[in-house]
Every structure is written in C-alpha cells, then in structure tokens.
Amino acid sequence: MPHNKARAITILMADDDEDDRLLTQDALTESRVLNNLYCVEDGVDLLEYLRKQGKYANGVPCPRPSLILLDLNMPRMDGREALENIKQDPELRSIPVVILTTSKQEEDMLRGYNLGAASYITKPVDFVGLVELMRTLGKYWVEFVELPSQEHD
C-alpha cells in the first residue's frame, strides 16, 4: 500500500560553497521533491536565520525549517559548532539535522551523531548522484517521517 502524504517541507541548507547550493537546488527540482529551499553560507548565518537575528531580524522571510542540510567545513563557524548550538537550544533542538559533507572521516561521523545529527551523508561526486540523493532524502523526509508542525514562522 503506497504511503501518500506528500507535502512541501522547508529545507534550510548551510553550505559555504555556492556551486553546491545551486546544484542542490537543481537536484531537488530535478528529483521533483516538494520543498522550499533556503540557504545560508556558514554556521553564524545558520544560527542567525534560526533565531531571526542579524540580517534576518527585519522581516526577511525565514520560516522554521522542517530539515537542515548541514555542511561541516565552513568559515566563521563550522557545522560541528553550529550543530552543537542547535541541539543545546530548547527552541531549535527538535529540528532534524542531516550532515551533508565531503568529509569521510570516522571522527566527523561519530562526533556528528554524538551531537545529535539525524543522518550523516557524504556528498555525491556527480550531479546524477546528487539528484538520486535528493530524491531519496525527499521521499524519506517528505513522505515517511512525521515532522513537528512548523510553529514559530
């Protein structure tokens, strides 16, 4: 019996690589995943977006994400520090965080899970792989997982 409850979710991607952000948007479009994608460039921007501070304080659209895609290696504040901040914040800790990174280091993976990441995924090396990943992520997070309502918008 098909599980059909597809709905659009808000995805927030934190990645300092503009090409990766654009490719992810294209892959989500290509994979036909229902979503609204917002992007930030590092951990500082991520936390300001989530807390509606800094450049996000003055009415800039920043809906609460259903899911965060988090790169580990970013300037100013890396993904590890950002994840730790998110999971220590009672207002933010319920947001699932998927680490999406080039790092294949066991230490990064263990630390990510210990800090509360929902998943740890190594970025595919080509666009076809990225489309398939976004299709699979979309199917999982949009169709199967029960996510909290998006209060705090």
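Residues numbered from 1 in each chain as written. Predicted model: local features only at pLDDT ≥ 70, side-chain atom pairs only at ≥ 80, totals over all residues. Heavy atoms only, no water.

Asker: Hey, could you run me through the overall build of the protein in this one?
Answerer: For the protein, the helix and strand inventory stands at five helices and five strands. Ordering the α and β elements of the protein from the N terminus gives β-α-β-α-β-α-β-α-β-α. A total of 153 residues make up the protein; the buried ones form 48% of that total. Taking all contacts inside the protein whose residues are at least 6 apart in sequence as the whole, residues at least 24 apart take part in 69%. Split by element, the accessible area of the protein, about 8,200 Å² in all, is 50% carbon and sulfur. (Helix = DSSP H or I, 4+ residues; strand = E, 2+ residues; numbered from the N terminus. Buried < 20%, exposed > 50% of the residue type's maximum accessible area, 1.4 Å probe, protein only. Contact = heavy atoms within 4.5 Å. Areas by Shrake-Rupley, 256 points an atom, 1.4 Å probe, with all protein chains shown as cover.)

Asker: Looking at this structure, how should I read the packing of helix H2 (residues 43-51) against helix H3 (residues 79-88)?
Answerer: Two packed helices can be described by the angle between their axes and the distance between those axes. Two elements in contact, H2 and H3, have axes whose closest approach is 9 Å; the angle formed by their N-to-C orientations is 25 degrees. It follows from the interaxial angle that H2 and H3 lie roughly parallel. As for how H2 packs across H3, the hand of that crossing is right-handed. Two secondary-structure elements touch here, H2 through Gly43, Leu46, Leu47, Leu50 and Arg51 and H3 through Ala82, Asn85 and Ile86. Looking at the contact of H2 with H3 residue by residue, the class counts come to five nonpolar, two polar and one charged. (Axes fitted to C-alpha atoms, helices over the stretch in contact; angles between N-to-C directions. Parallel < 35°, antiparallel > 145°, perpendicular 65-115°, else oblique. Left-handed = near helix turned anticlockwise from the far one by under 90°. Nonpolar A, V, L, I, M, F, W, Y, C, P; charged D, E, K, R; others polar.)

Asker: It is not clear to me how the pattern of salt bridges should be interpreted in this structure. Could you clarify?
Answerer: Side-chain pairing between opposite charges can occur once the charged atoms of the two side chains come close. Enumeration over the complete set of coordinates arrives at 11 salt bridges. The partner of Asp42 in a salt bridge is Arg76, with the nearest N and O atoms 2.7 Å apart. Here the residue Asp42 occupies a position in the loop between strand S2 (35-40) and H2, and Arg76 occupies one in the loop between strand S3 (67-70) and H3, the gap between them amounting to 34 residues. Ionic pairing is found between Arg135 and Glu132, a salt bridge with its closest N-O pair at 3.1 Å. Of the two residues, Arg135 and Glu132 are both situated in helix H5 (residues 127-144); the distance of three residues between them amounts to about one turn of the helix. Classification of Arg135 by relative accessible area gives partly exposed; the value is 35%. Since its relative accessible area comes to 42%, Glu132 is described here as partly exposed. (Salt bridge = Lys/Arg side-chain N within 4 Å of Asp/Glu carboxyl O.)

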